[in-house]
Structure formats: structure tokens, C-alpha cells
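Residue strings, one per chain:
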Amino acid sequence: MKVLKFGGSSVAKPERIKGIVEILKKYVKAGEAFTVVFSAFGGVTDSLIDVAKKAENSDVNYLVEFEKLKARHIESAKLLTSGENLKTLLKYIDQNNDDLLNVLKGIYLIREVSARTLDYVVSFGERFSNKIVAHTLVENGIKAEYLDARYVIKTDRNFGSARVDFEETELLIAEYYAHHSDAIQIVTGFIGSVSKSGKNNDFGLTTTLGRGGSDYTAAILAAGLNASVIEIWTDVDGVLTADPRKVKKAFTIPTMTYAEAMEMSHFGAKVIYPPTLVPALKKKIPLYIKNTFNPDFVGTYISTERNETEHAIQGISSIGNISLLTLSGSGLFGVPGIAGRLFSALAHDAVNIILITQGSSESSISFAVQPTDTKRAKHAVEKAFANEMKNNAVNALFIEENLATIAIVGEAMRFRPGIAGTLFDALGKNGINCVAIAQGSSELNISVIVPRTDETKALNALHEAFFLSDTLTLNVFLVGVGLIGSELLKQMAQQAHFLKTERAIELKLVGVANSRHSVFDINGIDFTQNIKTVLSEGEATSPEKFIKKMIETNASNAVFIDCTASADVAQHYNEVLAQSISIVTPNKIANTGNLAQYKILRNTARKTGVKFLYETNVGAGLPVINTLKDLLNSGDRIIKIEGVLSGSLSFIFNNFDSTKKFSDVVKKAGELGFTEPDPRLDLNGSDVRRKLLILARECGFG
Ligand code: ADP
Ligand code: ASP
Ligand code: MG
């Protein structure tokens, strides 16, 4: 027996259900024994919660929302079934919508929705979807039967996130299936009902297993049926190395252990609801995560087997919003039982702790919680340590909000040195500050806490460091698309393939601007097209605005290329370098301002570990500056530098004779790209002076 589960994303639209019918037909044809769990149609659970909350808040629009939901289910039924099937369905939908509406009216009147009532309200989502799917299958010649999971899944009365009574549930499942063995059971995910062992008058009340709980339903059924496999069908190609919404380059993890899948899902990978893995592991039932939209793809296989992979870790996940609470004070040092008291107090007030860290100095203990738990945690701790706080032995709880947890996960990390090094190196290079760090002694997971605004950047930087170390993506921001800027874009387009295949560097143009307009696209702007046309439709910009937006984009491995000759741009270099963004520029202004500024730029670049490159400041395309640096680094002393320091003057004097007008020769030099945008800077010697100054400074004569 197999248990299949299709998520809300797989049944968001009626056409998609037709696709699932095709998948199931294949199973029937192959003679497989299976049962199927469906979630509510995509978005329906959220809408039901919203309707109930609106009714609670006396917002009459709850009726409008209710009608929309009703219409959605009726429309699906009409699209997928006909004749008797449709008739039965419409009757079911009608009757149940009457029940739902009555409950909503009740909520509206008493202006309160309890967790218990909310569970009943949301249960309609799974009931409607499974009833519709069951009839659709019958309509397509598959012998299928609807099963309301409340008959077989028994829980405690912890509404909203009920715990399953496995003993009773497994018995009921076995019994039910023994009597309904020939039709395929189509089972409502997510919902259960209060077991007999609860208070008598609670027996049978509707409960839910927590958001995303249909995955869990599949595993509970699998345990009860001693199934051979659980298949979770969703809208992505399995468990990916990172959340594909945040890391575009994420790819499928072919095999994982239960422990790895558990860590990934606990730390934010929504693709599996974490409790799902518990009954699966207990009964050693392997799981497949498969894509409804790409059914032939193998997806991810989760079992006890550990396969060696080429990567040091399996995946990276994150929880986008957490708070970090720190208990500190002299009274903690060397006193046994502090941690026990702290965590008992939190457990007593039902605060779920995501992560804990304590330095060996024992002067503080930090723990992370969901923002919704922050207040409760604070009260619990203040109550537990009231005496110590009064005596100043323990400080007031320190609370940091708007943080994110990033976790790298994988069993192969164990006994493998250097993983933490790679982690912190990647974060450091991208200027991401770690607020706290935790590693379980199982070495299955290293978690770091970073500012929430750095979450996506950290995920991408780590993904790059651990999985794609063979290709480095440079996120390029370019200002100035005059002669030099457009030539650079041309060369980038020409060299992109070579750089990728031969040098493992991928160039991505994320932002580009001329003096008037800018365009940004985190997914990359096609730099083979005519950039001037692209820019003509861009947003109005200025150097300040462009740089601000570039910093806000917070891209990893970012490079700012300044192809202007503008002081307005150059004055921002230090700010850019301080944000861990490298700079590449032919613009000489920053290097020829006052000496203190020249030194500050180098210092900032050194501190943040990014590059500040300006090879073309002197000698155009010739490798002068780097050669000079190499010579100096290896102990050579520069005695003399000889050269023609102005390409423009050289051209002009070689071509100017009595047959030509001086202005024409200057113009020609400009057209050929030899002069500064303003050729007077060449003619009055400023440009040569600047080059000499840069050479002198590079040689250490500052
Ligand atoms: P379903 O409706 O099928 O239960 P969910 O929305 O609950 O689907 O879970 C699938 C989603 O999980 C994917 O669309 C993806 O956006 C998100 N997700 C987050 N992290 C990961 C990951 N590491 N691998 C795959 N998907 C992930
Ligand atoms: N429909 C429920 C939810 O949205 C359960 C699930 O999708 O797994 O949370
Ligand atoms: Mg889900």
C-alpha cells in the first residue's frame, strides 16, 4: 500500500486536478494499492481563516468572502463533474455551506472565534476539496470513495495544533480499511477529531494538525496501514537545496535521511511539515517528494540510507522572522539549575524555542522564539527570575527583534573540519553580521542568526559557497553607459560564455544607469540588448538614488562599476566599499582627491575584504597599476617611470598638422575614445597630473 498526498498548490485550479487524475490513472493501471490525501484547494485555508476573523471583527465583508469561496467550489465541481456526480456534489456543497454560514453568523454575533471554532471552520476546506476530487475520480472511471479523516484520526483537544493519539488512530485506520478495501480512499488532510480519552463532551470535536498538516495526515495513515511508501506531491521538484523563492539557483536534493529532512523542515523548508517525519521514521517508511507539474522527475527520496554526496552539506533553510532574547547577569555564573529554571518557565507558558546558545563564560544565555511568542517569553522569564532581577543579580531581559535564522544542514558535516569556516567566510565577505551562532553536538545543523534584512543575501551567499563554488556569480551594478560603459557591456556580452565555462564566473547585470535613468532586476538584465533603449524606459535616477537602491538590493558578491567621470559618483565610494561591495572603475577622481580620502578607501576595502580596482586609471588597457603593485609587493624599489601619459595628447600631436583644424583633431580623438568626456581636462594637463599623482601614490610617495 502506498499513501499519496497532493498539496494545496497541486489542486489550486480545476485544470490541475485533471492532471492529477492522469497521474492516478497510471497507478490504477499498474495495479498499485494506494490511498490519497488531499489538502484544501490552494489558498482556501487562508481564506477561511480570513472569513472567520472578519466575522469576529464585525466586518460584514465576511459574507462577500464566504460567497466567493462557495462560488469557487461550485465552479470546480461543475468543471470537473457532470450528471449524478455533479448533482450529489452540489447537494453536498450546498448543505455544508449552510452549516458553515451558520457558524460564521454565530461568530459575527458573538464577535469571537475560539481556536476550537476556527478548526471547525477551516475543516470545510479539506472536506470540500476531497469530496470534489473523489467524485472527479469516479467521473473518470476510477473507483474512489471519500473518507473524512475525523473518523480515523484521533487527537487531544489542543485545537489549532492537535497531538495525535496513535494507538487509537492506528486501530481505527486498520479497522476502517479492512472494511473498505476495494475503493481508493480519498482522505481529508489536516483534520482530525478529539479522541475518546478526552473529556466526554469533547469527543468527536473537529481538530486540526497545524498549518501544512496534510503531509502529516499522509504519514499517520501510512503508519496505520504499514504502507510501503509515502509520496508527497507538491509544486516543486522535491526538497531543494534552498527555498526556490529566495535562491533562484536551488536544485533538487536526490536523497536525504529522515534526520536531515527533519532539520531542513524545522528550520523553515515549508515543503515538508516537520511532524510528518516522526511516524515515517518510526515505521521506517520512506518518503518521496514529487512534483505534480513534472511527474516523471524522480524528486527527493527520504529514508534511513545515507548516500555520499559531493557537497559538504545537504541544504540551507531559514526562518525569516524571529526574536532573540538574552538573559544575562552576574547571578548566572557558576549557579547550577539556571538553564533548567529558564526553560521550565518557558515550557510552562508554552513558548516554543527555536534555538539556544550559551557562551562558556556562562554570563548569558540567548534563545530564539517566534515574534508572536516574544511577549509571553518575556513575562515567563521575568516571573521566574523576579527575585534575581530585584537584587540585580540578573539583568532585564535583552530583546532583539527582526532577525532571521539561517541553518545549514547535512549529516556529512560530522567530523568534517572547515564547514563553519566556509560559512563564516561567505557571510563575512558579504558584510553580514552574525548576531548568534548555534551548533548541535550532532553536527547535523549549524544555525546563525542574522538581521532579517540580510536573510536572502545570506542564503544566496551560502548557497554559492557550499554548492556552486565552481561558479561564482558576480552581481554587477553599472553606472555610466557612455563610450566606456557601453564598450564594457559589449565585452561582457562577448566574454560571458568564456568566463562561465573557462573561469567559472557568471556575470549578472542587476542594476544599470546613465545620468538620467536606471533599471534594476535582481534576476539579471539581458546585457546583450541595446541598453540605451532599456534605460529610456527606466526610472528617473541620480547617483545617490542608484547607490541607495544598490545597497538596499543587498545582493551577494556585488560589484559596483563606475564608468562615469563624475565626482558625484566617486564621493560615495567609501559608503559602497563599507557595504562589502567591490568597486571597479576607470574614474580617477576618487584616487586623486586628498590623500586622507585615498587611504580611507583602501582601508575600508581591506576591512570589508572587497576589491577596489582601477587598473585603467593609468595606461588605459595596459597592465600598469597591477604590475607596479606586484613589483612593490616583492620588494622592488621604483626608481623611474617613463611613458607617454596621455593617449589623447599623443594622438593629437601625431595627427595635427597644417592641413587640419586643431578642433577637428581633438574631436576625432574624442570619437576614438582617447579623451576624457570633457577634452579640456586632457588639454590643460589635468588628466596627466592625475595619472602622475596616482602613480606616485601607488609607489608609496604619498
Ligand atoms: P503544498 O501545497 O504542496 O503542501 P507548500 O506550499 O506547503 O506546498 O510547500 C511547497 C513550497 O515550499 C514550495 O513551493 C517552495 O516554495 C517552498 N519551499 C521552501 N523551502 C523549500 C525547499 N528547501 N525545497 C523545496 N521547496 C521549498
Ligand atoms: N490546508 C492546510 C493548510 O493550508 C493543510 C495543508 O495544506 O497541508 O495549512
Ligand atoms: Mg504543505
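Cut-offs applied
Residues numbered from 1 in each chain as written. Chains lettered and ligands numbered in written order. Predicted model: local features only at pLDDT ≥ 70, side-chain atom pairs only at ≥ 80, totals over all residues. Heavy atoms only, no water. Helix = DSSP H or I, 4+ residues; strand = E, 2+ residues; numbered from the N terminus. Buried < 20%, exposed > 50% of the residue type's maximum accessible area, 1.4 Å probe, protein only. Contact = heavy atoms within 4.5 Å. Lys, Arg positive; Asp, Glu negative; His and termini not counted. Charge placed at Lys NZ, Arg CZ, Asp CG, Glu CD. Pairing = 2+ DSSP bridges. Axes fitted to C-alpha atoms, helices over the stretch in contact; angles between N-to-C directions. Near = heavy atom within 4 Å. Polar contact = N/O pair within 3.5 Å; in protein donor to acceptor, adjacent residues only side chain to side chain. Areas by Shrake-Rupley, 256 points an atom, 1.4 Å probe, with all protein chains shown as cover. Phe/Tyr/Trp six-rings, centres within 6.5 Å; stacked < 30°, edge-to-face > 60°. Lys NZ or Arg CZ within 6 Å of the ring centre and 35° of its normal. Expected span 1.5 Å × (residues − 1). Parallel < 35°, antiparallel > 145°, perpendicular 65-115°, else oblique. Left-handed = near helix turned anticlockwise from the far one by under 90°. Nonpolar A, V, L, I, M, F, W, Y, C, P; charged D, E, K, R; others polar. Salt bridge = Lys/Arg side-chain N within 4 Å of Asp/Glu carboxyl O.

Colleague: Please clarify how the overall build of the chain should be interpreted in this entry.
Modeller: When its secondary structure is counted, the chain shows 25 helices and 24 strands. Taking all 702 residues of the chain together, the buried fraction comes to 49%. Excluding contacts between residues fewer than 6 apart, the proportion of contacts in the chain whose partners are at least 24 apart in sequence is 72%. The averaged location of the 77 negative side-chain charges in the chain is 3 Å from the averaged location of its 77 positive side-chain charges.

Colleague: I'm lost on the pairing of strand β1 (residues 2-6) in this one. Help?
Modeller: In summary, the side chains of a regular strand alternate between the two faces of the sheet. Within β1, five of the five residues are buried, leaving the element largely enclosed by the surrounding structure. Side chains Lys 2, Leu 4 and Phe 6 project from β1 onto one buried face, and the interleaved Val 3 and Lys 5 project onto a second face that is buried too. In this structure, β1 lies alongside strand β8 (residues 229-234), joined through five bridges in parallel fashion. From the neighbouring strand, Leu 4 faces β8, where its bridge partner is Glu 231. Where β1 meets strand β2 (residues 34-38), five bridges bridge the pair, whose relative direction is parallel. Among the inter-strand pairings, Lys 2 is bridged to a residue of β2, identified as Phe 34.

Colleague: When you look at the sheet that holds strand β7 (residues 206-208) in this model, what are you seeing that I'm missing?
Modeller: Sheets are built from strands that pair by backbone hydrogen bonding, the pairs being arranged parallel or antiparallel. An order of β4-β6-β7 is seen for the three strands of this open sheet, with the pairing classed as mixed. Strands at the two margins of the open sheet, each flanked by one partner only, are β4 (154-155) and β7. Pairing analysis gives two bridges linking β4 to strand β6 (residues 191-194), with the strands arranged parallel. Residue pairing in the sheet places Lys 154 in a bridge with Ser 193 of β6. On top of the sheet, helix α5 (residues 115-139) reaches β6 and β7; it is set at about 80° to β7, its chief contact.

Colleague: Please clarify how unusual backbone geometry should be interpreted in this entry.
Modeller: Backbone geometry follows two general trends: most residues other than glycine have a negative phi, and most peptide bonds adopt the trans configuration. If you check the backbone angles, Asn 226 has positive phi at about 50° while not being a glycine. Tracing the backbone shows Asn 226 in the loop between α7 (214-225) and β8. Asn 226 sits in the exposed class, given a relative accessible area of 55%. Look at Asn 554: it is not a glycine, yet its phi comes out positive at around 55°.

Colleague: What is the right way to look at the site of ligand 1 in this model?
Modeller: Lining the immediate surroundings of ligand 1 are 18 residues, of which Ser 9, Thr 234, Asp 235, Leu 240 and Lys 270 lie closest. Contact distances for ligand 1 include 2.7 Å between an oxygen atom and a side-chain N or O atom of Asp 235. Within the contact set of ligand 1, a nitrogen atom lies 2.8 Å away from a backbone nitrogen or oxygen of Leu 240. About the coverage of ligand 1: the protein hides 90% of its 560 Å² of free accessible area.

Colleague: Any chance you could explain the sheet that holds strand β15 (residues 398-409) here in plain terms?
Modeller: Pairing is antiparallel in the open sheet, where six strands are placed in the order β13-β14-β12-β15-β17-β16. Strands with a single pairing partner mark the edges of an open sheet, and in this sheet they are β13 (353-358) and β16 (436-439). The mean inter-strand angle of the sheet, taken between neighbouring strand axes irrespective of direction, is 30°. With six bridges connecting them, strand β12 (residues 315-328) and strand β14 (residues 364-369) associate as antiparallel partners. By the bridge assignment, Thr 326 is partnered in β14 with Ser 366. Packing against the sheet, helix α13 (residues 419-429) makes contact with β15, β16 and β17 (445-451), and its axis sits at approximately 15° to β17.

Colleague: Looking at this structure, how should I read the packing of aromatic side chains?
Modeller: Two numbers describe a pair of aromatic rings. These are the distance of the centres and the angle of the planes. Enumeration over the complete set of coordinates arrives at 20 aromatic pairs. Between the aromatic rings of Tyr 176 and Tyr 177, the centroid separation amounts to 6.3 Å while the plane-to-plane angle is 65°, which identifies the pairing as edge-to-face. Side by side, Tyr 176 and Tyr 177 carry an identical accessibility label, which is buried. Summarising the aromatic geometry, the rings of Phe 477 and Phe 520 are spaced 6.3 Å apart at their centres and angled 50° between planes, so their arrangement reads as tilted. Of this pair, Phe 477 sits in strand β18 (residues 472-479) while Phe 520 is found in strand β20 (residues 517-525), placing the two residues 43 residues apart along the sequence. Here the aromatic residues Tyr 92, Tyr 120, Phe 124, Phe 128 and Tyr 146 are joined through ring pairs into a cluster of three or more. For the cation-ring pair, Arg 127 lies above Phe 124, with the distance from its terminal atom to the ring centre recorded as 4.1 Å.

Colleague: Sorry, what's going on with α5 here?
Modeller: For the α-helix, the turn length of 3.6 residues means that residues three or four positions removed from each other point alike. End to end, α5 covers 37 Å across 25 residues, agreeing with the expected 36 Å (1.5 Å per residue, within 8%). The buried count for α5 comes to 19 of 25 residues, which makes it a mostly enclosed element. Positive phi shows up at Gly 141, right after α5, with a value of about 80°.

Colleague: Would you mind going over the environment of Leu 240 with me for this structure?
Modeller: Here Leu 240 lies in the loop between β8 and β9 (255-257). Sequence spacing of Leu 240 and Ala 269 is 29 residues, and the spatial spacing of their C-alpha atoms is 8.8 Å. Apart from the residues lying within four places of it in its own chain, the contact partners of Leu 240 are Ala 250, Phe 251, Thr 252, Ile 253 and Met 264.

Colleague: Can you walk me through the packing of helix α1 (residues 14-29) against α5 in this structure?
Modeller: As a packed pair, α1 and α5 sit with axes 11 Å apart at the nearest point and diverge in direction by 55°. If you check the angle between α1 and α5, you find them oblique. Here the hand of the crossing between α1 and α5 comes out right-handed. Contact residues: α1 offers Ile 17, Val 21 and Leu 24, while α5 offers Val 133, Thr 136 and Leu 137. Split by residue class, the contact of α1 with α5 holds five nonpolar, one polar and no charged.

Colleague: For this particular structure, what's the right way to read the pairing of strand β11 (residues 300-303)?
Modeller: Sheet analysis places β9 next to β11, joined by three bridges and oriented parallel. The residue bridging Thr 257 from the neighbouring strand is Ser 303, located in β11. Bridging between strand β10 (residues 287-291) and β11 involves three bridges; their strand directions are antiparallel. Across the sheet, residue Leu 287 finds its bridge partner in β11, namely Ile 302.

Colleague: Any chance you could explain the site of ligand 2 here in plain terms?
Modeller: The local shell around ligand 2 consists of Ser 39, Thr 45, Glu 126, Phe 190, Arg 211, Gly 212, Gly 213 and Ser 214. In this structure, Glu 126 approaches ligand 2 through a side-chain N or O atom, which is 2.7 Å from a nitrogen atom. With respect to ligand 2, the backbone of Gly 213 contributes an N or O atom lying 3.4 Å from an oxygen atom. Coverage of ligand 2 by the protein amounts to 86% of the 260 Å² it exposes when considered alone.

Colleague: Can you walk me through the pattern of salt bridges in this structure?
Modeller: Side chains that differ in sign of charge can pair as their charged atoms come close. Under the definition given, this model contains 35 salt bridges. Here Asp 182 makes a salt bridge to Lys 143, at a shortest N to O gap of 2.5 Å. One end of the pair, Asp 182, is in the loop between α6 (166-179) and β5 (184-188); the other, Lys 143, is in the loop between α5 and β3 (144-147), and 39 residues separate them in sequence. Using a relative accessible area of 56% as the deciding quantity, one classes Asp 182 as exposed. Given the relative accessible area of 51%, Lys 143 is considered exposed. Salt-bridge contacts for Glu 642 lead to Lys 640; the nearest nitrogen and oxygen are separated by 3.3 Å. In this structure Glu 642 comes out as exposed when scored by relative accessible area, which is 66%. The class for Lys 640 is exposed, based on a relative accessible area of 63%. One network of salt bridges, with partners in common, ties together Asp 243, Arg 245, Lys 246 and Glu 455.

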